[in-house]
Amino acid sequence: MRIGIRRRSEQKPEPASESEELLFGGRLRYDTGWSQHEKAFLDLSLVGMARKLPSLVGGTIRLAWRADRGALITVGVCEIGQGIAQAVGLVVTNRILQALFAAGSTEERLRAALPSLVVAATVAVLNAVLASGSTAGTGRLEPKVERVATEQYLDRAARVELSAIEDAQFHRLLDSAQFGSQSARRMIGACVAALNGIFAFAAAAGVLTVLHPVLLPLLALIALPRSWGALRVSRRRYASLQMWIEHARAGRLIGSLLTENSAAQEVRVHGVGPFLLGHFRTMSEASEAEQTRLADDKAGTELFAAALTGAASLATYAALAGLLLTGRMQFAVAGTAVFAIRTGSASLAALVMHVNQLYEEALFVADLEKLIAEADRRAIPTGGLDLPSQPKEIRFENVTFTYPGRDIPALDDVTLSIPAGAVVALVGENGSGKSTLAKLLAGLYHPDSGRIAWDGIDSAAADRDQLFSRIALVTQDFQRWPFTARTNITVGQPGAPTTNGRLQQAADYSGADSVIDALPNGLRTLLARQFQGGVELSGGQWQRFGIARARYRAAPVLICDEPTSALDPRAELETFDKIRGLAAHGQTVILVTHRLSSVRDADVIYVLHHGRLVEHGSHEELLARPGGRYQELFQMQAARYQASPVSYEPQ
Ligand SMILES: Nc1ncnc2c1ncn2[C@@H]1O[C@H](COP(=O)(O)OP(=O)(O)OP(=O)(O)O)[C@@H](O)[C@H]1O
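Residues numbered from 1 in each chain as written. Predicted model: local features only at pLDDT ≥ 70, side-chain atom pairs only at ≥ 80, totals over all residues. Heavy atoms only, no water.

1. Focus: the packing of aromatic side chains
Item 1. Considering all chains together, one arrives at eight aromatic pairs under this definition.
Item 2. For the ring pair W542 and F545, a centre distance of 6.4 Å and an interplane angle of 65° mean the geometry is edge-to-face. In this pair, W542 and F545 are both assigned in helix α19 (residues 539-553), three residues apart and thus about one turn of the helix distant.
Item 3. A residue is classified by how much of its surface remains accessible, and F545, at 0% relative accessible area, is buried.
Item 4. Ring centres 6.2 Å apart and planes at 20° place the aromatic pair Y630 and F634 in the stacked group. On the criterion of helical spacing, the pair formed by Y630 and F634 is a turn pair, its members being four residues apart in helix α22 (residues 629-642).
Item 5. A residue is classified by how much of its surface remains accessible, and Y630, at 0% relative accessible area, is buried.
Item 6. With relative accessibility at 13%, the residue F634 sits in the buried group.
Item 7. One aromatic cluster is present, formed by F401, Y403 and Y445 through successive ring pairs.
Item 8. Over the ring of Y552 we find R502; its NZ or CZ atom is 4.3 Å from the centre of that ring. (Phe/Tyr/Trp six-rings, centres within 6.5 Å; stacked < 30°, edge-to-face > 60°. Helix = DSSP H or I, 4+ residues; strand = E, 2+ residues; numbered from the N terminus. Buried < 20%, exposed > 50% of the residue type's maximum accessible area, 1.4 Å probe, protein only. Lys NZ or Arg CZ within 6 Å of the ring centre and 35° of its normal.)

2. Some points on the sheet that holds strand β9 (residues 604-609)
Item 1. Strand order in the open sheet formed by six strands is β6-β7-β8-β3-β9-β10, with mixed pairing between adjacent strands. Both outer strands of the open sheet, β6 (471-474) and β10 (612-617), are each paired with one neighbouring strand and no more. Within the sheet, the average angular offset between the axes of one strand and its neighbour, ignoring direction, is 20°.
Item 2. Along the sheet face, α19 touches β6 and β7 (557-561) and points at about 175° away from the line of β6. (Pairing = 2+ DSSP bridges. Axes fitted to C-alpha atoms, helices over the stretch in contact; angles between N-to-C directions. Contact = heavy atoms within 4.5 Å.)

3. Some remarks on the nonpolar core
Item 1. L53, L141, V145, F170, L358, L368 and L371 are the most contacted members of the largest nonpolar core, which totals 41 residues.
Item 2. Broken down by secondary-structure element, the contributors of at least two residues to this core are α4 (46-67), α5 (69-101), α6 (106-159), α8 (168-177), α9 (180-211), α10 (215-259) and α13 (331-377).
Item 3. The element contributing the most residues to this core is α13, with 13 residues.
Item 4. Excluding its chain neighbours within four sequence positions, the residues that come into contact with L141 are A64, D68, A71, L72 and I188.
Item 5. Residues F396, L411, A442 and V604 belong to the second largest nonpolar core, which totals 32 residues. (Core = buried A, V, L, I, M, F, W, Y, C linked by side-chain atoms within 4.5 Å.)

Shown next as structure tokens:
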């Protein structure tokens, strides 16, 4: 069992475990992440704590004020009342002891102590009433504070740029900040307990100072080792959590893959279950070893602190005996002193514990605050230039874009025009940049250089809410919302009141109507097997909902990224006809697809290769270009359909 404090930076990083290496390609315990918290770690000293605590407590009180000011006032009044009651209680106890130890018959002494006894009983009743008022107020306040903090967390997470959501560092922050809301909740309880401790300690300290000035420093001496121990344990726990946070997320991910619908088939047929379970076990065992290390460390620290506390208590009682023997203290006063020392050291120990808990929780609340600041920095900006509601032309002008952390641009100097009311097809091999182009058009990313102009207005300077409102999306990995069939369509425009006519139109358009007719509760059917009464749809059926949703949104620009990949041939043909029909009604359609037969009617086809625009024109123009990339791709696909049937002989 090691007790000495060794800074993390001095420890040799352990190598990646086999599971970390195999599944995640390296170590998931980051010392670099820890350095972000180094300051918080160093400040976890008595001085740092005393300096930072008021502002941290202030932040929680502001949160509580926003959550439920009535409950906060109740708690405050009850706590202050209890503090006063405790001080009065100690003073009255002193009076009772003095009356009982005074000269005279037992009856006379009891009679003299009686008024103080009545006051003591009244104070005890009052204290109990105030304590229950505080408990009720705290109980009301805590969940509300957690809710307000969680809302802040989720709100910020939902409003950051897509690039932040794809950034591992931001995810780390999201991870550590997720504890912030529960910590804010616990901070309320810890604040109340600490306040309680301060009053109780002040009462005991006041009484002790009056009895003899030397008793107060002795009381502090008793509390010192415990404070040191508690601080050390909590900073080690916090450090460990920060270091292991990504490892813990990976462990949870493996666990969830074993229960998730999407992985269920491979987990069974490919036998991935035991494989994942094995890695889950090794990952868990590694974090268990860390827990054990922490527990050993804590036990050692507490034992050491307890020994020091014992020595300090001995010194205190020896000093008390000295005062008695030298006649500097009366016997009755010594009785009160023992009582006050016991009360005082107990309340000081509780105070240290609660202040420490407060501080530890505050570190996580500080992580939440850090996330909020970072999310605000990376938030999608509000305001900007107005965009035309029905743009006549969207132009990509020398657009270059590289994903963060990548060396090769996903789009390289692309210039192209998207005229209003046209069907514009984007084709090219895997990884050629089609989806990236669509995401830039949708305003999810901005070009690193060049611009995307909507009737001459640079979309990077435009009001992003307006930009988003002009776009409807059916992406390759469109969301299968685990909600009702109705919501899966109307979520295309969640802010607007649902109109049944539009809903029906969108369902008819996409072919989702026939799927809905077959559902047990029609539009009210829950499309999530994991809930009671929920049903699961096929991939193609889901896709019809994705298309219906985009149709329901009724935006001037519709981006369809592989919209028909899961549809049967008949449904695919119908859908493409309908998509072309949309353009006839003035909607601009951007079609990303590998099915070149479906783009032959597009007004213009752009062919991308390694992020560059290599060809463009109509289907006929591109086919007539000898040695052209489009011609090559088209002929390859056509050949597959024209080839004579291949006979299959089982081996
Ligand atoms: N979120 C991302 N972060 C980093 N790189 C990305 C990201 N998305 C795509 N890329 C990379 O950008 C390049 C272009 O990808 P994109 O998805 O635009 O291609 P695509 O033409 O749509 O491909 P596919 O036909 O396979 O869907 C690829 O090299 C890909 O690895």
